[in-house]
Amino acid sequence: MMSSRLLPFLATLVIFVLAYAVCVFQFPNMLSTRVAGNLLTDNAFLGIAAVGMTFVILSGGIDLSVGAVIAFTGVLISVLVSWHGMHPLLAFAIALAVSTAFGGAMGAAIHYLEVPAFIVTLAGMFLARGMAFVIATDSIPINHAFYSAVQKMYVLMPGGGRLTLIGGLMLVVFAAGIVIAHYTRFGSYVYAIGGNRQSAELMGVPVARTTIGIYALSGFLSGLSGVVFSLYTSAGYSLATVGVELDAIAAVVIGGTLLTGGVGLVAGTFFGVVIQGLIQTYIVFDGTLSSWWTKIVVGILLFAFIALQRLLVLVGDRSAANRKTA
Amino acid sequence: MGETDALLSAHDISKSFFGFKALEHVDFSVRKGEIHALLGENGAGKSTLIKALTGVHRPDAGTIMLKGEPVEVRDPLHAQKLGVGTVYQEVNLLPNLSVAENLYIGRQPKRFGLTHAAAMHRMARALLAQYDIDIDVRAPLSSFSVAVQQLIAIARAVDMSGSVLILDEPTASLDRHEVQLLFGVMRKLRDRGLGIVFITHFLDQVYAVADRITVLRNGRLVGTRDAKALPRMELVSMMLGRALEAATEHGHRAPPAAGTGPAIEFSGYGLSRSIAPFDLAIAPGEVVGVAGLLGSGRTETARLMFGIDHADSGKATVDGKAVRIASPREAVRLGFGLCPEDRKVDGIIGDLSVRENIALALQARRGWLKRMSSREQAELADRFVKALDIRTTDIEKPVKLLSGGNQQKVILARWLATQPRLLILDEPTRGIDVGAHAEIIQLINRLCAEGLALVVISSEIEEIVAYSTRVRVLRDREHVCDLTGSEISTGTIMRTIAASEGASA
């Protein structure tokens, strides 16, 4: 039973290894720490947002505001830094506070107004995107000594690959996500609510506090993702990162988390993100393929994973039924 | 009552919902170290009383005392903190979490600010060892049987509360062996000084473990007795609210003329955990009344016969040919019909018109390709509205606007339109007024005279006596015996229901 729960994760792992093997077979250069370093750097903002999305989906919810919040924080930071001459670190703190409060407010609406997360975060998405436009419609470049300094920070890996600050930050966020999910009461509450909200409540799980906490966490990580995206692009643009929430959801599901909640691993999401990055890298190496092939392959993978999960649930039910009659 | 050793007691509790009196002046108490069975038919007020004790409902009047002190229970969590734990029939735990997490969620041991999984697993193993359960506490709860989950829920409730344990129909989905296991645990807890409230429908189980018995009926307290001093017969009449000496009506219906022979036969038909294998042969023109207490397997029998549940033993034959009833569709094809117990949920489709509701089963039987025209449907509906005297201003009226009795007739019409050979009616007279009641009974008699085979399940014993040509008595999910001819009387039926296992019958 334990293994059947881990099966989607193991399947993701196998697919990742196979996909990487295929890539390396075609383009031996892909087996290098340079490629690995770039993979982490290029997907850092997606990975960080996907960690928040994992918690949301584990609790049986969804957060559609992620992409809009990333763009909003990006615009906010660039305005504060470029127009108002604020130090980036202070701007980051403000942006993170705003995005966390925004997420928490959505969580409160979901819990107290008993509105589906889908609707609340859809409203949040329009709100955040709209606010980004109100602040600035054009792309605002950031030229600040702090940015150039941070962008040059990296750890040289053996083989010449560079683990950049933002790539490293993503790894730290994943590590922290794993600890929160499995070694804190909050983490166990998230799984409990995703398993059965009513039972969780009867068992004494603080559902209100946890729900608000989950969306606040997702808001915080979307904000952090906005910070990383701002460092990555040195600009803030209100039309950036459209649909990133969908990429994050795809990463979570491909990573083996059940969309109905209650089952899944933060570590799985990591591989969900990296598989998407790998496909992109393959397309870059190939040079002739349209970048939309990424979406096509991700679509196929998503279908395959949803089918796999469905199958496992059915098999699980059947074996449970057999146990019952045995 | 003023019992000095009462752990938890309720005095003069009343509760009504929208003018309906669910509880009226009920007294109830649990002593230290006793198993107290709480009995009553559906709607007797058992669950309302439990909900009042555990803070789900606030009683309109009366006091709840805990160890002699009056308390106001705010919610189930508060009740738990006060020492009153409840385990419901459907285990309210989290199947996706591990056993240990289920036991300790919200109170996990911590180390360096993080939860200490190893310590939690040690504690879980130690806790379950008290109940002689040796399982992998890291495995998800869903990987264990219902019985084990039930015991885990009990272990959790006792560990958190530790003075009163309320078990709401804990044995409903357990098999015999598991029930014994559960009883062992209950006795052990009683000997440790807990007060246990045990709700069940199975009389044998009551006598097996209970020290005292409280019976509720229609929201009123019928009485609290020592189990040893209460004969089974008296308990049943307390529950059914009928003194035995008054109950002497006899059936007056003769069995159908010999020679017709059974048309539909079930032999050794059963499903484990649902209903023990039974034999039942039904001839055309026969009305088999099914009597038994709630939870005795009446509805389960109907579900099995109609293919909603699948039998795991035995076979069914129609006209001597073996058939497989794997789904209600196949049952309909064989000419079976079922009017379910809860017509609002399973029977009528409230927003559809009388016409559409009546045409439904016939249409389904024909298949969707051969669509019935609305004229055909209207003719059909008109015919049955007249034949069954369904009172509606218009056949296009949504069924939900009809009275209960007329709704029931619409369901009957639906099945009669398919010209069935066997019709199963589960509580056909529940929730309908007295006039409609008599009409339904007349209708049953008429259908039977027309050669239809009927199986009628009912809690109303007089009613069963009035129309049955044969009475099948169920007890503790077993078909116990058949009563025919002069044996069909309210007295005999009640005595048979009450008889203990292996006795009379």
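What you see is a predicted model, and the numbers here were worked out from it, not measured in a lab.

## Notes on the domain arrangement of chain B
All names here are of chain B.
Then, number 1: Taken domain by domain, chain B consists of domain 1 (6–240), domain 2 (246–252 + 261–335 + 420–505) and domain 3 (348–418).
Then, number 2: Averaged C-alpha coordinates put domain 1 and domain 2 at centres separated by 33 Å.
Then, number 3: Tallying the contact residues gives 19 residues for domain 1 and 15 residues for domain 2.
Then, number 4: Buried surface at the junction of domain 1 and domain 2, both sides included, amounts to about 1700 Å², of which 54% is carbon and sulfur.
Then, number 5: Linking domain 1 with domain 2 are zero salt bridges, by the criterion used here.
Then, number 6: Counting the contacts that link domain 1 with domain 2 gives zero residue pairs in polar contact (both at pLDDT 80 or more).
Then, number 7: Mapped by element, the contributors of at least two residues to the side of domain 1 that touches domain 2 are α6 (176–191), α7 (203–209) and α8 (232–240).
Then, number 8: With six residues, α8 is the single largest residue contributor to the side of domain 1 that touches domain 2.

## Points about the pairing of strand β22 (residues 478–484) of chain B
Residue and element names in this part refer to chain B.
Then, number 1: Two elements, strand β21 (residues 470–475) and β22, share six bridges in a ladder whose sense is antiparallel. Opposite Val 471, over in β22, you have Leu 483 as the bridge partner.
Then, number 2: Joining the antiparallel neighbours β21 and β22 is a turn of two residues, in which Asp 476 adopts a positive phi near 45°.

## Here we look at the pattern of salt bridges
Where side chains of opposite charge bring their charged atoms close, a pairing between them can arise.
Residue and element names in this part refer to chain B.
Then, number 1: All chains considered together, the criterion is met by 20 salt bridges over all chains.
Then, number 2: With a shortest N-O distance of 3.4 Å, Asp 132 and Lys 188 are connected by a salt bridge. With a gap of 56 residues between them, Asp 132 in the loop between α4 (117–129) and α5 (146–160) and Lys 188 in helix α6 connect regions that are remote in the sequence.
Then, number 3: The exposure class of Asp 132 is exposed, given its relative accessible area of 66%.
Then, number 4: For Lys 188, a relative accessible area of 40% corresponds to the partly exposed category.
Then, number 5: Through salt bridges that share partners, Glu 286, Arg 470, Arg 472 and Asp 482 make up one connected network.

## Side note on the interface of chain A and chain B
Then, number 1: Every contact between the two is made by 26 residues of chain A and, on the other side, 28 residues of chain B.
Then, number 2: Between chain A and chain B, the buried area comes to about 2300 Å², and carbon and sulfur atoms account for 60% of it.
Then, number 3: The interface formed by chain A and chain B contains zero salt bridges.
Then, number 4: The interface formed by chain A and chain B contains six residue pairs in polar contact (both at pLDDT 80 or more).
Then, number 5: In terms of residues, the side of chain A that touches chain B owes the most to one element, helix α9 (residues 185–195) of chain A, which gives six residues.
Then, number 6: Across the side of chain A that touches chain B, the residue classes break down as twelve nonpolar, nine polar and five charged.

## Looking at the sheet that holds β22(B)
Residues and elements named next belong to chain B.
Then, number 1: Spatially, β18-β19-β20-β15-β21-β22 is the arrangement adopted by the six strands of the open sheet, whose pairing is mixed. Either end of the sheet is taken by a strand with one partner, and the two such strands are β18 (336–339) and β22. Between one strand axis and the next, the sheet turns through 20° on average, direction left out of account.
Then, number 2: Strand direction decides the pairing type here: strand β15 (residues 287–291) and β21, joined by four bridges, are parallel. For Gly 289, the partnering residue across the bridge sits in β21 and is Val 471.
Then, number 3: With respect to the sheet, helix α9 (residues 298–305) is in contact with β15, β18, β19 (422–426), β20 (453–457), β21 and β22, its orientation differing from that of β19 by roughly 150°.
Then, number 4: Against the sheet, helix α17 (residues 490–498) makes contact with β15, β21 and β22, and its axis sits at roughly 25° relative to β21, the strand it touches most.

Calculation rules
- Residues numbered from 1 in each chain as written.
- Chains lettered and ligands numbered in written order.
- Predicted model: local features only at pLDDT ≥ 70, side-chain atom pairs only at ≥ 80, totals over all residues.
- Heavy atoms only, no water.
- Domains from an automatic or database assignment.
- Contact = heavy atoms within 4.5 Å.
- Buried area = accessible area lost by both parts, 1.4 Å probe.
- Salt bridge = Lys/Arg side-chain N within 4 Å of Asp/Glu carboxyl O.
- Polar contact = N/O pair within 3.5 Å; in protein donor to acceptor, adjacent residues only side chain to side chain.
- Helix = DSSP H or I, 4+ residues; strand = E, 2+ residues; numbered from the N terminus.
- Pairing = 2+ DSSP bridges.
- Buried < 20%, exposed > 50% of the residue type's maximum accessible area, 1.4 Å probe, protein only.
- Nonpolar A, V, L, I, M, F, W, Y, C, P; charged D, E, K, R; others polar.
- Axes fitted to C-alpha atoms, helices over the stretch in contact; angles between N-to-C directions.

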